[in-house]
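One-letter residues, chain by chain:
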Amino acid sequence: MTDRPTAVVTGASSGIGAATARALAGAGFHVVLGARRVDRLEAVAKEVDGTALRLDVTDKASAAAFVEAVPECRLLVNNAGGAKGLEPVEEADEDDWRWMFEANVIGTLRLTQGLLPKLRASGDGHIITVTSIAALAPYDNGAGYTGAKHAQAMLHRTLRGELLGQPIRLTEICPGMVETEFSLVRFEGDREKADNVYRGLTPLSAEDVADVIAFAATRPSHVNLDQITLMPRAQASASRAHREG
Ligand code: 8X3
């Protein structure tokens, strides 16, 4: 056991999740890390003196077992999720859409529902959900992902009203281009396509986003940062960026 407040971070084996685990540990949290890839998860957990627990947010039983194994929770960072595919609606792959809704929306629902009693019991709970600029507007070929991110955002934003008067803060983080495995997953391991997303500009790093998450998490209890959008300087929207060369 620990006297540090507990933060739960989903999707914590890499990218924004792993960087957030590091940033929160640095800010004094005991971090419980959840993800599917246990070997990578355990390596990050060891680094931050945290606890690694296997979690597949798309699997109801896995999410329930994870929630059960978390003894207490003051902060939940809903980070697990992602995109698959980038096609016009006419060519969209139904299985990709199903996965995106399962991972981003139902996954967030499972973890949030499951941990709400523990967040409330902490007397000073906080839910931080990493949505995306894809939760703010549509973009061509992105309807499966923008649709899932909008739905995830609605779940999160609705809680702001439903939990009003309770000791639980809600912060939505809307990142633009962040160089992680995000694009590699979206393009099923096609490195050239993934690298092309960040071509000619400096994207955000996972650490850039984690800094902002840690900032939101360390404000005094009465301060609620509702929504934070962050993009690289060279990006103005999901469909508009300036590239050199
Ligand atoms: C990732 C940002 O613009 O690829 O969530 O949708 S974007």
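You'll find the structure just up there.
Conventions adopted
- Residues numbered from 1 in each chain as written.
- Predicted model: local features only at pLDDT ≥ 70, side-chain atom pairs only at ≥ 80, totals over all residues.
- Heavy atoms only, no water.
- Core = buried A, V, L, I, M, F, W, Y, C linked by side-chain atoms within 4.5 Å.
- Buried < 20%, exposed > 50% of the residue type's maximum accessible area, 1.4 Å probe, protein only.
- Helix = DSSP H or I, 4+ residues; strand = E, 2+ residues; numbered from the N terminus.
- Contact = heavy atoms within 4.5 Å.
- Near = heavy atom within 4 Å.
- Polar contact = N/O pair within 3.5 Å; in protein donor to acceptor, adjacent residues only side chain to side chain.
- Areas by Shrake-Rupley, 256 points an atom, 1.4 Å probe, with all protein chains shown as cover.
- Nonpolar A, V, L, I, M, F, W, Y, C, P; charged D, E, K, R; others polar.

Engineer: Give me the nonpolar core: which residues, what numbers.
Structural biologist: Within the largest apolar cluster, 33 residues are counted, with the highest numbers of intra-cluster contacts made by Leu 24 and Leu 33. Ranked by the residues each element gives to this core, the list is headed by helix 8 (residues 206–217), at seven residues. Ignoring anything within four residues of it in the chain, the contact list for Leu 24 reads Ala 7, Val 9, Phe 29, Val 31, Leu 75, Val 77, Ala 214 and Ala 217. In this structure, Val 8, Leu 55, Phe 66 and Leu 155 belong to the second largest nonpolar core, which totals 22 residues.

Engineer: Which residues make up the site of the ligand, and what values go with them?
Structural biologist: Taken together, the residues surrounding the ligand are Ser 132, Ile 133, Ala 134, Tyr 139, Tyr 145, Gly 176, Phe 182 and Arg 186. The contact in question runs from an oxygen atom of the ligand to an N or O atom on the side chain of Tyr 139, over 2.7 Å. Calculation on the ligand without its partners gives an accessible area of 250 Å², and the protein chains cover 85% of this total. For the shell around the ligand, the residue count by class is five nonpolar, two polar and one charged.

Engineer: Describe in detail the side chain of Asn 224, supporting the description with residues and values.
Structural biologist: Assignment of secondary structure puts Asn 224 in the loop between helix 8 and strand 7 (227–230). A polar side-chain atom of Asn 224 sits 2.8 Å from the main-chain carbonyl oxygen of Leu 170. A polar atom in the side chain of Asn 224 sits 3.0 Å from the side chain of Asp 226. Aside from chain neighbours lying at most four places away, what touches Asn 224 is Arg 160, Arg 169 and Leu 170.

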